[in-house]
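These are the residues of each chain, in order.
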Amino acid sequence: MPSQQPILEVRDLTVEYDTGSSPVVAVDSVDLDVHAGEFVGVVGESGCGKSTLLFAIVQLLSPPAAITGGSVHFQGQDLVAMNEKKLAALRWRDYSVVMQSAMNALNPVKSIGSQFRDAIMSHDERVDDDRPAEVMRMVGIDPIHLRSYPHQLSGGMRQRAMIAMALLFTPDMIIMDEPTSALDVVAQRSLMVQIKELQQQLGFAVVFVTHDMSLVSHFSDQLMVMYAGQVVEFGATRAVFDHPAHPYSKGLLDAFPSIRGPKQPLTGIPGTPPNLAHPPSGCRFHPRCPVAFEDCPKIEPELYQVGPTQARCLLHAPGRTQPAEPVQEVTS
């Protein structure tokens with residue numbers, strides 16, 4: 001069960017891309033707490049800032065991206081203020097990252113076992129010949145494949161090998177950037193079950209970034225919905241799924257089918273996420289929102305408490321009543 005004190009505390013985190021003219025704010029004042037043993041899902045369409053948020057948390061941003069505000073504390077240590085040497089001492093040992101494409105993340109000219117040994121030796125620890133085989137068994141792969149090269153493994157096996165590498169030191173937190181995006185739905189389900197079982201067995205926290213809400217519906221404890229660089233809804237996963245408080249969250253939920261109950265037509269969200277170089281005024285979702293009204297282009301909403309969740313929607317602003325008739329066509 002999650003502990004009371006967060007192991008990861010993100011406060012007012014802002015990331016900008018330097019374009020040479022006006023900076024592009026890709027992550028806009030994000031707050032996030034992750035407790036030990038907790039599974040937090042981060043969802044949203046492509047281009048909403050999910051992966052940039054992840055890379056900012058683990059300090060893997062590269063130019064032209066840079067953190068321009070806020071803080072990231074992991075187990076009480078300020079990651080933003082750390083130099084590369086101190087960060088290297090934490091990576092793999094205390095927290096690890098599973099990248100989106102294992103084929104790109106793994107070294108194609110080294111065997112899986114050789115890369116495992118490199119990760120162990122990077123912390124000046126004795127190479128334990130038994131540990132790589134042990135973590136391979138944890139993820140359901142025969143240790144014989146430690147002699148294999150990445151191209152000799154299937155997509156699902158490569159992703160499992162990356163997760164095995166992330167478990168070498170049994171870290172307190174693993175951040176995963178869409179690790180199932182290249183897999184079919186059967187392999188996705190199998191990998192998610194494996195991740196959840198390992199988490200419950202070893203007690204590490206997970207931050208799982210994906211664009212597929214259905215993928216985390218039965219596995220995450222908390223759910224963060226991002227749109228245009230901002231958090232638009234955050235709360236317990238079941239609360240968000242059962243009673244979405246933001247129109248964007250509802251739109252994402254309406255876009256995938258349920259395996260139970262009567263057939264229902266799927267409805268997509270019209271349009272595309274905005275260009276963050278020129279975001280819409282007011283609520284950033286209002287050009288695509290089916291319930292937008294006259295204040296939405298004028299007032300930028302905050303995160304309001306809506307029962308057990310938080311939502312960035314003017315419909316939930318204190319003292320504000322829902323308009324009788326929504327404005328269906330609102331332009332930025």
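Residues numbered from 1 in each chain as written. Predicted model: local features only at pLDDT ≥ 70, side-chain atom pairs only at ≥ 80, totals over all residues. Heavy atoms only, no water.

A. Representation of helix H6 (residues 155-166) in the model. Helix length check: H6 (twelve residues) gives 17 Å between terminal C-alpha atoms against 16 Å at 1.5 Å per residue, within 8%. Taken across its twelve residues, H6 has ten buried, putting it largely inside the fold. Buried-residue contacts for H6 involve strand E6 (95-98), helix H3 (102-105), helix H4 (112-121), helix H5 (130-138), strand E7 (173-177) and helix H7 (185-202). (Helix = DSSP H or I, 4+ residues; strand = E, 2+ residues; numbered from the N terminus. Expected span 1.5 Å × (residues − 1). Buried < 20%, exposed > 50% of the residue type's maximum accessible area, 1.4 Å probe, protein only. Contact = heavy atoms within 4.5 Å.)

B. Main features of the environment of glutamate 134. Following the sequence through the fold, glutamate 134 ends up in helix H5. Considering only alpha carbons, one finds glutamate 134 and leucine 168, 34 residues apart in sequence, at a separation of 8.9 Å.

C. Structural detail: the sheet that holds strand E1 (residues 6-17). Read across the sheet, four strands follow the order E2-E1-E4-E5 without closing on themselves; strand pairing throughout is antiparallel. Each edge of the sheet is formed by a strand with only one pairing partner; in this case those strands are strand E2 (24-35) and strand E5 (77-78). Across eight bridges, E1 lies against E2 in antiparallel orientation. Bridge pairing links glutamate 9 to aspartate 33 in E2. (Pairing = 2+ DSSP bridges.)

D. Fine view of the environment of leucine 215. Position of leucine 215 among the secondary structure elements: in helix H8 (residues 213-216). Separated by 174 residues in sequence, leucine 215 and glycine 41 have C-alpha atoms that sit 9.2 Å apart. Setting aside residues up to four positions removed in sequence, leucine 215 forms contacts with Thr180, Gln188, Met192, Phe208 and Thr210.

E. Representation of the packing of aromatic side chains within the structure. Applying the stated criterion across every chain, the model contains five aromatic pairs. Ring plane angle 65° and centroid distance 5.3 Å describe the contact between tyrosine 248 and phenylalanine 285, whose orientation is recorded as edge-to-face. With tyrosine 248 in helix H10 (residues 247-253) and phenylalanine 285 in the loop between H10 and strand E11 (304-306), this pair connects stretches of sequence that are 37 residues apart. Residue tyrosine 248 is classed as buried on the basis of its relative accessible area, which comes to 0%. On the basis of relative accessibility, which here comes to 3%, the residue phenylalanine 285 falls in the buried class. What links up through ring pairs into an aromatic cluster is the set Tyr227, Tyr248 and Phe285. (Phe/Tyr/Trp six-rings, centres within 6.5 Å; stacked < 30°, edge-to-face > 60°.)

F. Summary view of the nonpolar core. In this structure, Phe116, Ile163, Leu167, Phe208 and Tyr248 are the most contacted members of the largest nonpolar core, which totals 65 residues. Of the residues forming this core, the biggest block, six residues, is contributed by H6. Not counting the four nearest positions on each side in its chain, leucine 167 is found in contact with Arg131, Val135, Met138, Val139, Ile174, Leu198, Leu202 and Phe204. (Core = buried A, V, L, I, M, F, W, Y, C linked by side-chain atoms within 4.5 Å.)

G. How the structure looks around the pairing of E7. Of all five residues in E7, five are buried, a share of seventy percent or more. The two faces of E7 match: Met173, Ile175 and Asp177 on one face and Ile174 and Met176 on the other face are all buried. Relative to E7, E6 runs parallel, the two being bridged by four bridges. Residue valine 97 lies in a different strand from E7, and its bridge partner there is isoleucine 175. In the sheet, E7 pairs with strand E8 (residues 205-209) via five bridges, with the strands oriented parallel. Bridging from a neighbouring strand, aspartate 177 pairs with valine 209 of E8. Assessed by its sense of winding, the connection that carries the chain from E7 through H7 to E8 is right-handed. (Right-handed = clockwise from strand over helix to strand, strands pointing away.)

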